[in-house]
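# Fold and geometry: a report
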Amino acid sequence: MSSTTVEVYTSTQVVDVHIVKTRLESEGIECFVTGETLNQVFGGVQGITQGVSLMVRESDAETALRILRDEGYIPECDDHDPITTVGKKHTDLNKQIWTLIGLILLVLMALAIYTYLVS
């Protein structure tokens, strides 16, 4: 994948992302999935993951987003949305902090269970 990539689709459902990936690849657009492993490990815990993302080269982003809009995978944008942010999941600092706290709590619980089982 070239240096600059853009997120064009995101979902909490891994299968949905792979369907969209296959669709874009059928048009010759190289893409890859990020966040899949984290979603598989922590997907059942609300708020831990931000979903699974589909990334494309920046040079392919406009074409990919047009295809995804035309076929209803992502909503139409208005004139104020830059092309590289349509369909991109926006997170704020507060949500990221709670995600980190959740991960820390999970690790602490796992350590407590391990300590209990070993002793």
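Residues numbered from 1 in each chain as written. Predicted model: local features only at pLDDT ≥ 70, side-chain atom pairs only at ≥ 80, totals over all residues. Heavy atoms only, no water.

## Quick notes on the pairing of strand E3 (residues 52-57)
When you tally the buried positions in E3, you get five out of six residues, the bulk of the element. As paired strands, strand E1 (residues 5-11) and E3 are joined by six bridges and run antiparallel to one another. Across the sheet, the residue bridging to serine 11 is valine 52, located in E3. Sheet analysis places strand E2 (residues 31-34) next to E3, joined by four bridges and oriented antiparallel. Looking at E3, one finds that phenylalanine 32 is bridged to methionine 55. (Buried < 20%, exposed > 50% of the residue type's maximum accessible area, 1.4 Å probe, protein only. Helix = DSSP H or I, 4+ residues; strand = E, 2+ residues; numbered from the N terminus. Pairing = 2+ DSSP bridges.)

## Some words on a nonpolar patch on the surface
A cluster of nonpolar side chains, contributed by Trp98, Leu100, Ile101, Ile104, Leu105, Val107, Leu108 and Leu111, occupies part of the molecular surface with about 790 Å² of accessible area. Among the secondary structure elements, leucine 100 is positioned in helix H4 (residues 93-118). (Patch = residues over 30% accessible without salt bridge, like charges linked within 9 Å, V, L, I, M, F, W, Y side chains within 5 Å. Areas by Shrake-Rupley, 256 points an atom, 1.4 Å probe, with all protein chains shown as cover. Salt bridge = Lys/Arg side-chain N within 4 Å of Asp/Glu carboxyl O.)

## Side note on the sheet that holds E1
In spatial order, the strands read E1-E3-E2; together these three strands make up an open sheet with antiparallel pairing. One side of each edge strand has no neighbouring strand; the edge strands of this open sheet are E1 and E2. Along the sheet, successive strands turn relative to each other by an average axial angle of 30 degrees, direction set aside. Against the sheet, helix H1 (residues 14-25) engages E1, E2 and E3, with an angle of about 15 degrees to E3. (Axes fitted to C-alpha atoms, helices over the stretch in contact; angles between N-to-C directions. Contact = heavy atoms within 4.5 Å.)

## Remarks on the nonpolar core
Counting 19 residues, the largest nonpolar core has Val8, Tyr9, Leu24, Leu54, Val56 and Leu68 as the members making the most contacts within it. Residue assignment for this core shows that the elements contributing at least two residues are E1, H1, E2, E3 and helix H3 (58-70). With five residues, H3 is the single largest residue contributor to this core. Residues in contact with leucine 54, not counting those within four places in the same chain, are Val6, Glu7, Val8, Tyr9, Val17, Val20, Lys21, Leu24, Cys31, Phe32 and Val33. (Core = buried A, V, L, I, M, F, W, Y, C linked by side-chain atoms within 4.5 Å.)

## Some remarks on the side chain of glutamate 7
Relative to the assigned elements, glutamate 7 resides in strand E1. Take glutamate 7: its relative accessible area is 9%, and that puts it in the buried class. Side chain to side chain, glutamate 7 and serine 53 meet in a polar contact 2.4 Å long. (Polar contact = N/O pair within 3.5 Å; in protein donor to acceptor, adjacent residues only side chain to side chain.)

## So, the environment of valine 56
Following the sequence through the fold, valine 56 ends up in strand E3. Through-space distance from the C-alpha of valine 56 to that of leucine 24 is 9.3 Å; in sequence the pair is 32 residues apart.

## Re the pattern of salt bridges
Taken as a whole, this structure holds five salt bridges when the rule is applied. For arginine 23, the salt bridge goes to glutamate 71, with nearest N and O atoms at 2.6 Å. Highlighted residues: arginine 23 in helix H1 and glutamate 71 in the loop between H3 and H4, separated in sequence by 48 residues. Classification of glutamate 71 by relative accessible area gives partly exposed; the value is 40%. Of the charged contacts, one joins glutamate 30 and arginine 57 as a salt bridge, the two residues approaching to 3.5 Å between their closest N and O atoms. One end of the pair, glutamate 30, is in the loop between H1 and E2; the other, arginine 57, is in strand E3, and 27 residues separate them in sequence.

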